[in-house]
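A structural walkthrough
This is what each chain is made of:
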Amino acid sequence: MEELDNKSYDEFTLNFKLEEDVPIDQFEMTMYNYEFVGNKTKCSCVAVDGVRALQFKVPATLPLEQFLLKQLYKGEFLAMLSNILNQLIYFTENNMSLNKILLNVHYMYIELSTLDIQLLYMPVNKNFADCNVTEFIQNFISKVRFANMDSVECVDQILKYLDSKLMFDLEDFYQYILSLEEENINEDESIETTGDGTTVLATSENYNNPVPYLVRVSTNELIPILNKEFMVGKSVNCDYQIIDNSKISRRHAVFRISNGECYVRDNGSTNHTFVNGKLLQPGVEIMLSNDDYIRLGDEEFRYWVR
């Protein structure tokens with residue numbers, strides 16, 4: 001199906017041209033529009049500039065294609081994969097053809113706070129090309145950049161599992177991924193006993209210093225805060241340069257990493273810095289929490305760390 005040009009990623013609205021003689025499958029439309037396994041996307045048949053179209057409203061933070069530019073830890077990768085597989089099982093259990101899913105990271109979206117993936121499904125009575133889930137998984141893995149050898153070894157296990165099966169079974173593979181997730185949780189959370197017999201939870205060193213990110217709302221760009229002092233502004237000397245917004249000062253704001261926390265301070269900018277709508281006084285730092293919204297002038301960012 002042809003994607004129309006008038007999509008808007010800031011609202012994550014996608015429209016696909018629908019031929020006049022292609023009927024909607026009302027059962028599939030209804031089943032898809034139920035919230036299931038973290039998928040909250042809604043689909044409807046609309047007219048766009050006089051053209052019949054399927055319209056998808058996608059409540060997610062970022063296109064998955066953009067998210068995959070960052071390096072993933074094993075737990076993140078397994079969570080995303082198991083969520084996708086669980087949705088595929090939902091479709092098969094409701095007699096909905098997997099051929100109608102857009103199994104392509106370009107048409108997938110992710111909610112950063114939960115790592116839930118939004119899949120697009122075409123609820124129409126029309127023939128689509130055969131869906132090869134194994135091929136999609138292999139292609140998906142090939143697009144991922146992994147953060148450490150632990151993640152790479154996990155992927156090797158998955159590929160060996162797929163190679164060992166003469167016939168792919170979706171349910172069996174989903175259970176296998178769940179078992180890897182359980183193993184990962186057991187590895188990441190070990191119980192230590194103190195001298196007084198108290199048990200404390202020790203977190204895997206892989207997550208001691210997670211990289212914080214800014215998500216630029218206007219472009220959906222994922223910006224890693226890699227330096228202890230990370231300057232954002234118009235100047236070429238900034239760690240992240242914004243040249244397409246006149247409201248941004250040359251050295252607008254500084255993000256500072258200290259003891260595993262991220263702080264932001266306004267650097268005496270002309271149009272000020274705001275956190276969740278609150279004006280920051282120049283030079284005064286405020287500690288950021290996950291999902292906080294930062295506005296530099298009128299340029300919006302979302303703070304994210306996992």
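Before any of the text, the structure's been laid out above.
What comes next concerns the included structure. (Residues numbered from 1 in each chain as written. Predicted model: local features only at pLDDT ≥ 70, side-chain atom pairs only at ≥ 80, totals over all residues. Heavy atoms only, no water.)

1. Observations regarding the packing of aromatic side chains
Rule in force here: Note on ring pairs: Phe, Tyr and Trp rings are taken, using the six-membered ring of Trp, and paired if centres are within 6.5 Å. Classes follow the plane angle, with under 30 degrees stacked, over 60 edge-to-face and the rest tilted. Under the scheme used here, helices are H or I runs from DSSP no shorter than 4 residues and strands are E runs no shorter than 2 residues, and both carry numbers assigned from the N terminus. The buried label applies to any residue whose accessible area, calculated with a 1.4 Å probe on protein chains only, is under 20% of its type's maximum; exposed applies above 50%, and partly exposed to all values in between.
A complete count under the given rule lists 19 aromatic pairs for this structure. With a centroid separation of 5.4 Å and an interplanar angle of 80°, the aromatic rings of Phe12 and Tyr109 are classed as edge-to-face. Of this pair, Phe12 sits in the segment before strand 1 (13-17) while Tyr109 sits in strand 6 (residues 109-111), and the two are 97 residues apart along the sequence. On the accessibility criterion, Phe12 (5% relative accessible area) is buried.

2. Brief notes about the sheet that holds strand 11 (residues 212-216)
Going by this rule: One bridge is not enough; two strands pair if DSSP finds at least two bridges between them.
Within the open sheet, the six strands sit side by side as 12-11-21-20-17-18. Their pairing is antiparallel. Here the strands that pair on one side only, and so sit at the sheet edges, are strand 12 (221-224) and strand 18 (278-279). Pairing of strand 17 (residues 273-275) with strand 20 (residues 293-296) involves three bridges; the strand directions are antiparallel. Bridge pairing links Val275 to Ile294 in strand 20.

3. Some words on the nonpolar core
Test applied: Buried Ala, Val, Leu, Ile, Met, Phe, Trp, Tyr and Cys residues that are joined via side-chain atoms within 4.5 Å together make up what is termed a nonpolar core. By definition in these notes, contact holds between two residues if any of their heavy atoms fall within 4.5 Å.
The biggest cluster of nonpolar side chains holds 71 residues, and the ones touching the most others in it are Phe67, Phe77, Leu88, Phe91 and Ile158. Each residue touching Ile158, except ones within four places of it in the same chain, is listed here: Phe77, Leu78, Leu81, Ile141, Phe173, Tyr176, Ile177 and Leu180. Counting 19 residues, the second-largest nonpolar core is a separate cluster that includes Ile223, Tyr240, Ile248 and Leu288.

4. A few points about the sheet that holds strand 2 (residues 42-48)
Quick reminder of the rule: A fitted line through C-alpha atoms represents every axis, and for helices the fit uses only the stretch in contact; the resulting angles, taken between N-to-C directions, go from 0 to 180 degrees.
With respect to topology, three strands assemble into an open sheet ordered 1-3-2, the strand pairing being antiparallel. The outermost strands of the open sheet, each flanked by one partner alone, are strand 1 and strand 2. Across the sheet, the mean angle separating the axes of adjacent strands is 30° when strand polarity is ignored. In terms of strand pairing, strand 2 meets strand 3 (residues 51-57) through seven bridges, oriented antiparallel. Across the sheet, Val48 pairs through a bridge with Val51, a residue of strand 3. Sheet strands touched by helix 1 (residues 26-33): strand 2 and strand 3. Its angle to strand 2, the strand with the most contacts, is close to 120°.

5. Topic: the environment of Val46
Counting through the fold element by element, Val46 comes out in strand 2. In the structure, Val46 is positioned 28 residues away from Leu18 in sequence and 9.4 Å away in space, judged by C-alpha atoms. Sequence-distant contacts of Val46, defined by excluding residues within four places in its chain, comprise Asn15, Val51, Arg52, Ala53 and Gln55.

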